Amino acid sequence: MAERVAGKVAFVTGAARGQGRSHAVRLAQEGADIIAVDICQPFDDSPAPPATSEDLAETADLVKNLDRRIVTAEVDVRDYDSLKAAVDAGAEQLGGLDIVVANAGIATVAPRLDRMDERLWQDMIDVNLTGVWKSVKAAAPHLISAGQGAIVLTSSVAGLKAYTHTGHYNAAKHGVVGLMRSFAVELGPKNIRVNSVHPTHVNTPLLINEKTFRLFRPDLDNPGPDDLAPICQTFHTLPIPWVTPEDISNAVLFLASDEARYITGVALPVDAGSCLK
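Conventions and cut-offs
Residues numbered from 1 in each chain as written. Predicted model: local features only at pLDDT ≥ 70, side-chain atom pairs only at ≥ 80, totals over all residues. Heavy atoms only, no water. Domains from an automatic or database assignment. Contact = heavy atoms within 4.5 Å. Buried area = accessible area lost by both parts, 1.4 Å probe. Salt bridge = Lys/Arg side-chain N within 4 Å of Asp/Glu carboxyl O. Polar contact = N/O pair within 3.5 Å; in protein donor to acceptor, adjacent residues only side chain to side chain. Nonpolar A, V, L, I, M, F, W, Y, C, P; charged D, E, K, R; others polar. Buried < 20%, exposed > 50% of the residue type's maximum accessible area, 1.4 Å probe, protein only. Helix = DSSP H or I, 4+ residues; strand = E, 2+ residues; numbered from the N terminus. Pairing = 2+ DSSP bridges.

Draft legend 1. Layout of the domain arrangement of the protein chain. You can read the domains of the protein chain as domain 1 (9–203 + 246–262) and domain 2 (208–241). Computed over C-alpha atoms only, the centres of domain 1 and domain 2 are separated by 26 Å. Taken together, the contact pairs 9 residues of domain 1 with 9 residues of domain 2. Taken together, both faces of the contact between domain 1 and domain 2 bury some 680 Å²; the carbon and sulfur share is 68%. Applying the counting rule to domain 1 against domain 2 returns 0 salt bridges. Inspection of the domain 1/domain 2 interface yields 1 residue pair in polar contact (both at pLDDT 80 or more). Here the residues of the side of domain 1 that touches domain 2 are counted per class, giving 5 nonpolar, 4 polar and no charged.

Have a look at this one:
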């Protein structure tokens, strides 16, 4: 086993599946123990099927199979008290906290901003922006006490440029960049680094699902991944439709490791050149 984060404890939100699971497993592969949380409940208007308690348990098994320790909890990132309780309990059991990966988020399709329902807007901001703030707020005291730490926030290419019919998502993910830079300035004197990752399309259930296929290919009776791929590829400079969760996890691992010990306040795209278009 490589040991780029050996002896560290990492707190990962949205860890039941997709990118969050991948981050937890990748950090465990490199020697970290994990505090993993996920809401494990459905969200209205999300095209993706919900993560489940069984998904979170599978993440735990994957980490344990790497001979690393893991503490899990079903927590809504909108609920600060529950987040704090989960982080505090996990840090106590695992002996501290060194890394925070605020990854939990939702994706919903919406009309134009001037026609958007207020509930749809508020749910997005509450989860994808305020939930990130609450996740870091709950974890920061442990890093400050330790006198060091690394925080990685999951934004999006939509945090660096705008897409139509996702104005609420664009706003939340742009807001994550503001959070990242503000935390980097405020926590830097405490020897805590803060950066963000900005994925393009990732082949997780948030993208690879029947509702998304039908949204992008309404001209077909039974569209699938192969029908979506050519459309997604048009977003990129490199000739690929999407990246994998592991591609994002490798960036998270780098930013969390001592290899990035003097990197802070950076918005790192993993986007196949999408920001160039």
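Moving on from the coordinates now.
Draft legend 2. The pairing of strand E1 (residues 9–13), seen in detail. Most of E1 is tucked away, with 5 of its 5 residues classed as buried. Of the two faces of E1, the one holding Val-9, Phe-11 and Thr-13 and the one holding Ala-10 and Val-12 are both buried throughout. Bridge analysis of E1 against strand E2 (residues 33–38) gives 5 bridges, and the strand direction is parallel. Each bridged residue has a counterpart across the sheet, and for Thr-13 the counterpart in E2 is Val-37.

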